[in-house]
Amino acid sequence: MGCVSTAVVQHKRQVLGIILLAFIINNLVGETCGKEIKVETMHERLLKMMALSNAFIALPGGFGTLEELFEMIS
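Below is a summary of the structure that appears in this document. (Residues numbered from 1 in each chain as written. Predicted model: local features only at pLDDT ≥ 70, side-chain atom pairs only at ≥ 80, totals over all residues. Heavy atoms only, no water.)

## Overview of the packing of helix H3 (residues 42–52) against helix H4 (residues 63–73)
And step 1. Where H3 contacts H4, the two axes come as close as 11 Å, and the packing angle between them is 45°. Comparing the axis directions of H3 and H4 gives the class oblique. When you trace H3 past H4, the crossing you get is right-handed. Here Met42, Arg45, Leu46, Met49 and Met50 of H3 come into contact with H4, specifically with Glu68, Glu71 and Met72.
And step 2. Residue composition of the contact of H3 with H4, grouped by class: five nonpolar, no polar and three charged. (Axes fitted to C-alpha atoms, helices over the stretch in contact; angles between N-to-C directions. Helix = DSSP H or I, 4+ residues; strand = E, 2+ residues; numbered from the N terminus. Parallel < 35°, antiparallel > 145°, perpendicular 65-115°, else oblique. Left-handed = near helix turned anticlockwise from the far one by under 90°. Contact = heavy atoms within 4.5 Å. Nonpolar A, V, L, I, M, F, W, Y, C, P; charged D, E, K, R; others polar.)

Structural data, given as structure tokens:
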């Protein structure tokens, strides 16, 4: 995700990261580029993503990625 967001910013486009506080507290977040919104729960994250996004990209990941993708599709 970091490579994609960096490339987007380099091409003068906007990036919005919606990040769980637990990831920040446990240092599971890389360097941020663009705007960042911090949320407390996955449910809150998904709701914000749906409300604020025009498009979605799913990069290779695990079951959590699939869950988010299916939530966006439905």
